[in-house]
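# Coordinates in review
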Amino acid sequence: MINLSLKSLNQGLLEKKFSSVELTQFFLERVQKYNTDINAFITIDEEKSLAQAKHADTLIQSGKQSLLTGIPVAQKDIFCAAGWRTTCGSLMLDNFIAPYNATVIDKFNQVGAVNLGKTNMDEFAMGSSNETSYYGPVKNPWNHDLVPGGSSGGSAAAIAARLAPAATGTDTGGSIRQPASLCGFSGLKPTYGLVSRFGMIAFASSLDQAGPMAPSAEDCAVLLNVMAGHDEKDSTSINHDKEDYLVNLDQSVKGLRIGVPKEFFEEGLDGQVQQVIEDALNTYKKMGAELIDISLPNTHLAIPVYYVIAPAEASSNLSRYDGVRYGYRAKEYDDLMDMYFKTRQQGFGEEVKRRILIGTYVLSAGYYDAYYLKAQKIRQLISNDFKKAFQQCDVIMGPSAPSVAFKANEKKSDPLAMYLQDIYTISTNLAGLPGMSIPAGMVNNLPVGLQLIGNYFKESQMLNVAHAFQQETDWHQKVPKGVI
Ligand code: GLN
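Cut-off values and rules
Residues numbered from 1 in each chain as written. Predicted model: local features only at pLDDT ≥ 70, side-chain atom pairs only at ≥ 80, totals over all residues. Heavy atoms only, no water. Helix = DSSP H or I, 4+ residues; strand = E, 2+ residues; numbered from the N terminus. Buried < 20%, exposed > 50% of the residue type's maximum accessible area, 1.4 Å probe, protein only. Contact = heavy atoms within 4.5 Å. Near = heavy atom within 4 Å. Polar contact = N/O pair within 3.5 Å; in protein donor to acceptor, adjacent residues only side chain to side chain. Areas by Shrake-Rupley, 256 points an atom, 1.4 Å probe, with all protein chains shown as cover. Nonpolar A, V, L, I, M, F, W, Y, C, P; charged D, E, K, R; others polar. Axes fitted to C-alpha atoms, helices over the stretch in contact; angles between N-to-C directions. Parallel < 35°, antiparallel > 145°, perpendicular 65-115°, else oblique. Left-handed = near helix turned anticlockwise from the far one by under 90°. Salt bridge = Lys/Arg side-chain N within 4 Å of Asp/Glu carboxyl O. Pairing = 2+ DSSP bridges. Right-handed = clockwise from strand over helix to strand, strands pointing away. Core = buried A, V, L, I, M, F, W, Y, C linked by side-chain atoms within 4.5 Å. Phe/Tyr/Trp six-rings, centres within 6.5 Å; stacked < 30°, edge-to-face > 60°. Lys NZ or Arg CZ within 6 Å of the ring centre and 35° of its normal.

For T103, the location among the structural elements is in helix 4 (residues 103-110). You can call T103 buried: its relative accessible area is 7%. Those residues in contact with T103, other than ones at most four positions away along the chain, are S196, F198 and D231.

Time to look at the site of the ligand. Close contacts around the ligand come from 15 residues, with T172, G173, S175, Y306 and D422 the closest. A distance of 3.2 Å separates an oxygen atom of the ligand from a polar atom in the backbone of G174. Taking R355, its side chain carries an N or O atom lying 2.8 Å from an oxygen atom of the ligand. Expressed as a share of its isolated accessible area of 290 Å², the protein-covered part of the ligand is 100%. Across the shell around the ligand, the residue classes tally to 5 nonpolar, 7 polar and 3 charged.

Running from N to C, helix 2 (residues 20-38) and helix 3 (residues 46-61) cross one another at 155 degrees; their axes reach a closest spacing of 8 Å. Between helix 2 and helix 3, the angle falls in the class roughly antiparallel. Considering how the two elements wind past one another, helix 2 and helix 3 form a crossing that is right-handed. Counted together, S20, V21, T24, Q25, L28 and Q32 of helix 2 and E46, S49, L50, A53, K54, A56 and D57 of helix 3 form the full contact between these two elements.

Where charged atoms of side chains with opposite charge meet at close range, the side chains can pair. Applying the stated criterion across every chain yields a total of 16 salt bridges. Among the ionic pairs, K7 bridges to E218, the shortest N-O distance being 4.0 Å. Residue K7 is located in helix 1 (residues 6-14), and its partner E218 is located in helix 7 (residues 217-227); the two are separated by 211 residues in the primary sequence. In the salt-bridge network here, residues are joined through shared partners; they are E351, R354 and R355.

On to the pairing of strand 3 (residues 114-119). Counting buried positions along strand 3 yields 6 of 6 residues, so the element is predominantly enclosed. Pairing between strand 1 (residues 41-43) and strand 3: 2 bridges, direction antiparallel. Its bridge partner lying in strand 3, T43 is registered against K118. Both strand 2 (residues 72-76) and strand 3 contribute to a ladder of 5 bridges, which runs parallel. Its bridge partner being in strand 3, Q75 is matched across the sheet by K118. Remark: the strand 2/helix 4/strand 3 crossover connection has right-handed handedness.

Our focus in this paragraph is the environment of A157. Its place among the elements puts A157 in helix 5 (residues 153-160). Taking the C-alpha atoms as reference points, A157 and I38, 119 residues apart in sequence, are found 7.4 Å from one another.

In this fold, D106 is placed in helix 4. According to the relative accessible area criterion, D106 is partly exposed, its value standing at 24%. Taking the C-alpha atoms as reference points, D106 and M227, separated by 121 residues in sequence, lie 9.3 Å from one another. Apart from residues no more than four positions distant in its own chain, D106 is found in contact with N101 and K233. One polar contact links D106 to N101, side chain to side chain, over a distance of 3.2 Å.

On to helix 4. The complete set of buried residues in helix 4 reads T103, V104, I105, K107 and F108. The inward-facing, buried residues of helix 4 abut strand 2, strand 4 (167-171), strand 6 (209-214) and helix 7. G112 sits one or two positions beyond helix 4 and adopts a positive phi of about 80 degrees.

The next point concerns the nonpolar core. Core analysis: the largest hydrophobic core is formed by 156 residues, its most contacted members being F124, Y284, M436, L452 and L463. Here this core gets 10 residues from one element, more than from any other, and that element is helix 9 (residues 302-317). If we skip the residues at most four places from it in the chain, Y284 touches V253, I258, A289, M397, I438, L450, L452, V465, A466 and F469.

On to the packing of aromatic side chains. Tallied over the full model, the rule gives 16 aromatic pairs. Relative to F27, the ring of F26 has its centre 5.1 Å away and its plane inclined at 90 degrees; by these criteria the two rings are edge-to-face. With relative accessibility at 26%, the residue F26 sits in the partly exposed group. On the numbers, 4.7 Å between centres and 75 degrees between planes, the contact of Y306 with Y307 is edge-to-face. Of the two residues examined, Y306 and Y307, each falls in the buried class. Every member of this aromatic cluster is reached through a ring pair, and the members are F96, F124, Y321, Y326 and F348. Sitting over the face of the ring of F406, K411 holds its NZ or CZ atom 4.8 Å from the ring centroid.

Below, the discussion takes up unusual backbone geometry. Leaving glycine out, the prevailing phi sign among residues is negative, and the prevailing peptide bond configuration is trans. Cis geometry is found at the peptide bond from G150 to S151, where omega equals 10 degrees. Its location among the elements puts S151 in the loop between strand 3 and helix 5. A positive phi angle, near 65 degrees, is found at A125, a position not held by glycine. Checked against the element boundaries, A125 lands in the loop between strand 3 and helix 5. We classify A125 as buried; its relative accessible area is 4%. Unlike most non-glycine residues, N444 shows phi in positive territory, near 50 degrees. Note on placement: N444 falls in the loop between strand 10 (435-443) and strand 11 (446-454). What makes N444 exposed here is its relative accessible area of 61%.

The structure is reproduced here in structure tokens:
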């Protein structure tokens, strides 16, 4: 059961090989068995999940099912789900029960998918190792001494250990693709505006995008079909024609022009990871694609620019956590000001506070022009680099992350080293472009992700290109020892 694709699970449900209740029970049992160790889930609510499964079974019985009906999906704990505790990995929201659904959750509910539980994550999605979570670190199922990546580390570990057949994540600077790379599965960050951000707890609003995480590109297409779509409740949601991401999966990649940016292969990239990526590019070449050398000259500015813009937006978004309206409030305080101070001092972790401080600083009257405005200008240059590159090629490829999974605590006290994890992913967020990571090989028995970057709204093509690779190779089917 644990290696079945979403399409096969759907088939199994339709052929009555198992019911949604049985399927959900099966995965809940796996979660029970492995979660104490891996810590992929923050909240599990068997009663709620099974009630949804029961409902799904009635839908299937009456012939009202679609592809995801009755299939359990693990939801990153950044999405509000009515009646579910929604913590965003923070003490600040430890006691927060969401009163409404995020649009993403609504969409999964509408097709009768089952919410399997809320997955662990870096606090307010700030991190690359899942070590900033108030609920403790998540272990990488490939090696428990290593991190799963972040910030969607819980969803990542859940997929890698096959505790869930599919999951959601969010990606502000790499949080779907980097953990997908470190845990060995497929993860896609859509074009900015394709998936609604309504009810998704905000980190950096001009960069945040939700996306699918699952073993294969085909599975990601199934999930994206549900997640994508215009939403009036999100003013940045784009009214793009609804597409079926499954229909183009089988097209040939013959003649496909793959841009290979030289800046993605410079200092900082692990040599063995580079070898895996080059082998993957050669596989595409053998399949008839053409490799084209391109340049994204402002790549080295992406991290500094991101660490001005993202904290600026975060400092503004997180000002709502004041102990008054909802969430954590300090137990003891003298007056109102003291209550604000103590609540925020106690409720936020170290990394979140660091970002709030940086963000407040770069937005302050005397420094706005020097930092924030400058960063916005460079952001435009980064977008222009891509615009130029896409005149020469159809899709861009390179590594998703500079290394395989690293040891827990290795980078925890060195924020700059941690920030470099996103060196290849962050520029796509700044440009609003779609990106994807797929398993492309192994180094020392650890997965390596190949990154695909598409042009705006070219998710369908990107998924097709990823799927073609997965018809040639079986890296996406590999699971850590002890999982089966
Ligand atoms: N690692 C990056 C950060 O810490 C990106 C996080 C994300 O994409 N949510 O901000």
